[in-house]
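Below are the chains, spelled out letter by letter.
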Amino acid sequence: MADSFVGLSPMLAEKARRLIDLLKGFGSCVVAFSGGLDSTVVAKAAQVALGNKALAVTGVSPSLAAMELDECRKLAQLIGIRHIVIETEELSNPAYQRNLGDRCYHCKSELFGKLGDWAARFGMAVVVDGSNKDDHGDHRPGLKAAKEKNVRSPLAECDFTKGEIRELAKYWGLPVWIKPASPCLSSRIAYGEEVTPERLMMVERAESFLREHGFTTLRVRYHRGDLARIEVPLEDLPRLMDNTLRQTLTQRFAEIGFKFVTVDLNGFRSGSLNNLLPAESLEIFSRPEGDVLAAVKGRE
């Protein structure tokens, strides 16, 4: 490869070369492409390494916000990678709907299963995702699903941290290098509350309202009783509580379907709903492979 990654630190340049070489070694791949930072960097690397032998696939369901799908299409075009959109059906799975601590496991199992089918259809050697070294220290049931479906994680295999991924994205001119994490809409539904298309639509519309009013980093969490809990950075709290905006906001949220509107005084915190999980739920997907599904089944 001609690109020697001049301008990156020697360590990061070496990791980038390893990443390209690893992907080349696959011969072809399907990229699980969500349009977030990690999967976009993998898609770019796959395109550089494999050209037309790389295919980005985005799974669409009510849990994906419409604006995120638009971003996926734009990014794939920018990268130059082949891109298709498929429908996933995780919401038809009662275990997913119940929204326990293993919801992401069922989502990723559905997605990676479909991607495996597409890989076979297109004659692709492997499915790859964007998980990285830092993901292994968080509550990530999806990692278990990836292992079961033989999905490879090039960024993790090359020891990329989140900061290094951002730096590589910036080097490649990818606009996601400054994009905050944007997990699926289901992640806004408090654990134990059923995930439904109606609740997902409520969250999407509420967050769209806030973005239209200039907020960029935010979450609207759904809690029992149709209660909305708004998270924005602490510096944005005064603007959120402006009397005129507050009145407009509460009226709009009521129209959307929320009966109560609250503001989290701790500010924006990615993954804050994990605080509602018991410790055993956070630990379950770190157990030996044979114990995991039995433990989940026993808890359900």
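Cut-offs and rules
- Residues numbered from 1 in each chain as written.
- Predicted model: local features only at pLDDT ≥ 70, side-chain atom pairs only at ≥ 80, totals over all residues.
- Heavy atoms only, no water.
- Axes fitted to C-alpha atoms, helices over the stretch in contact; angles between N-to-C directions.
- Helix = DSSP H or I, 4+ residues; strand = E, 2+ residues; numbered from the N terminus.
- Parallel < 35°, antiparallel > 145°, perpendicular 65-115°, else oblique.
- Left-handed = near helix turned anticlockwise from the far one by under 90°.
- Contact = heavy atoms within 4.5 Å.
- Nonpolar A, V, L, I, M, F, W, Y, C, P; charged D, E, K, R; others polar.
- Phe/Tyr/Trp six-rings, centres within 6.5 Å; stacked < 30°, edge-to-face > 60°.
- Buried < 20%, exposed > 50% of the residue type's maximum accessible area, 1.4 Å probe, protein only.
- Lys, Arg positive; Asp, Glu negative; His and termini not counted.
- Salt bridge = Lys/Arg side-chain N within 4 Å of Asp/Glu carboxyl O.
- Polar contact = N/O pair within 3.5 Å; in protein donor to acceptor, adjacent residues only side chain to side chain.
- Expected span 1.5 Å × (residues − 1).
- Arc of directions from axis to C-beta.
- Pairing = 2+ DSSP bridges.

*Asks:* Help me understand the packing of helix α9 (residues 197–212) against helix α11 (residues 243–256) in this model?
*Replies:* The axes of two packed helices give the description: the angle between them and the distance between them. For the pair α9 and α11, interaxial distance at closest approach is 10 Å and the crossing angle is 160 degrees. As judged from the angle between their axes, α9 and α11 are roughly antiparallel. With respect to the hand of their crossing, α9 and α11 are arranged in right-handed fashion. Packed against α9, whose contacting residues are M202, R205, A206, F209 and L210, the element α11 presents L245, T248, L249, R252, F253 and I256 at the interface. Tallied by class, residues from the contact of α9 with α11 come to 8 nonpolar, 1 polar and 2 charged.

*Asks:* Explanation requested: the packing of aromatic side chains in the structure shown.
*Replies:* Describing an aromatic ring pair means giving the distance of the ring centres and the angle of the ring planes. Counting across every chain of the model gives 6 aromatic pairs. Measuring from centroid to centroid gives 5.4 Å for W118 and F122, while their planes differ by 20 degrees, and the two rings are stacked. With W118 and F122 both in helix α5 (residues 103–122) and 4 residues apart, this pair spans about one turn of that helix. Given a relative accessible area of 36%, F122 falls into the partly exposed group. An angle of 45 degrees between the planes, with centres 6.2 Å apart, marks the rings of Y222 and F258 as tilted. Taken as a pair, Y222 in strand β5 (residues 219–223) and F258 in the loop between α11 and β7 (260–263) lie far apart in primary sequence, 36 residues in all. Each of the two residues, Y222 as well as F258, counts as buried.

*Asks:* Would you take a moment to explain the side chain of E90 for this structure?
*Replies:* Topologically, E90 is positioned in the loop between β3 (82–87) and α4 (94–98). Within the buried set, E90 has no salt-bridge partner at all; the shortest N-O distance to an opposite charge, 7.2 Å, is to K114. Polar contacts involving the side chain of E90 include one to the side chain of S61, which spans 2.5 Å. At a separation of 3.2 Å, a polar atom in the side chain of E90 contacts the side chain of S63. Leave out the neighbours within four places in its chain, and E90 touches S61, S63, Y96, C107 and E110.

*Asks:* Can you help me understand helix α1 (residues 10–26) in this one?
*Replies:* Helix length check: α1, at 17 residues, gives a terminal C-alpha distance of 25 Å against a target of 24 Å (1.5 Å per residue), a fit within 8%. Every buried residue of α1 is listed here: L12, A13, K15, A16, L19, I20, L23 and F26. Considered in projection along α1, the buried side chains sweep an arc of 160 degrees and stay on one side of the axis. Among the exposed residues of α1, those oriented more than 90 degrees off its buried face are P10, M11 and G25. Structurally, α1 contributes buried residues whose contacts are with β1 (29–32), α2 (37–50), β4 (127–128), α7 (154–157) and α8 (162–171). In the segment just after α1, G27 is the residue with positive phi, at about 90 degrees.

*Asks:* How do you make sense of the sheet that holds β7 when you look at a structure like this?
*Replies:* Backbone-to-backbone hydrogen bonds join strands into a sheet, with any given pair of strands oriented parallel or antiparallel. What the 3 strands build is an open sheet, ordered β5-β6-β7; its pairing is mixed. With one partner strand each, in any of the chains shown, β5 and β7 form the two edges of the open sheet. Going across the sheet, the axis of each strand differs from the next one's by a mean of 25 degrees, ignoring polarity. Across 4 bridges, the pairing between strand β6 (residues 227–231) and β7 is parallel. The residue of β7 that forms the bridge with L227 is F260. Against the sheet, α9 contacts β5 and β6, and its axis sits at roughly 150 degrees relative to β5. Lying on the sheet, α11 is in contact with β5, β6 and β7; it crosses β6 at an angle near 135 degrees.

*Asks:* I tried to follow the packing of α2 against α8 on my own but got confused; where do I start?
*Replies:* Interhelical geometry of α2 versus α8 gives an angle of 50 degrees and a closest axis separation of 10 Å. As the angle between them shows, α2 and α8 are arranged oblique. Between α2 and α8 lies a crossing whose hand is left-handed. Packed against α2, whose contacting residues are L37, D38 and V41, the element α8 presents K162, I165, R166, L168 and A169 at the interface. Here the contact of α2 with α8 is composed, by residue class, of 5 nonpolar, no polar and 3 charged.

*Asks:* Any chance you could explain the sheet that holds β3 here in plain terms?
*Replies:* One open sheet accounts for 4 strands, arranged β3-β2-β1-β4; its pairing is parallel. Strands with a single pairing partner mark the edges of an open sheet, and in this sheet they are β3 and β4. α2 rests against β1, β2 (54–60) and β4 of the sheet, and its axis sits at about 160 degrees to β1. Here α5 sits on the sheet and contacts β1, β2, β3 and β4; the angle it forms with β3, its principal contact strand, is near 130 degrees.

*Asks:* How should I be thinking about the pairing of β6 in this particular structure?
*Replies:* Remark: a regular strand shows side chains that alternate across the two faces of the sheet. Counting buried positions over the 5 residues of β6 gives 4, a clear majority of the element. Sheet topology places β5 next to β6; 5 bridges connect them, and they run antiparallel. Directly across from R221, in β6, lies its bridge partner R229.

Read these as layout, nothing more, since geometry by itself doesn't imply function.
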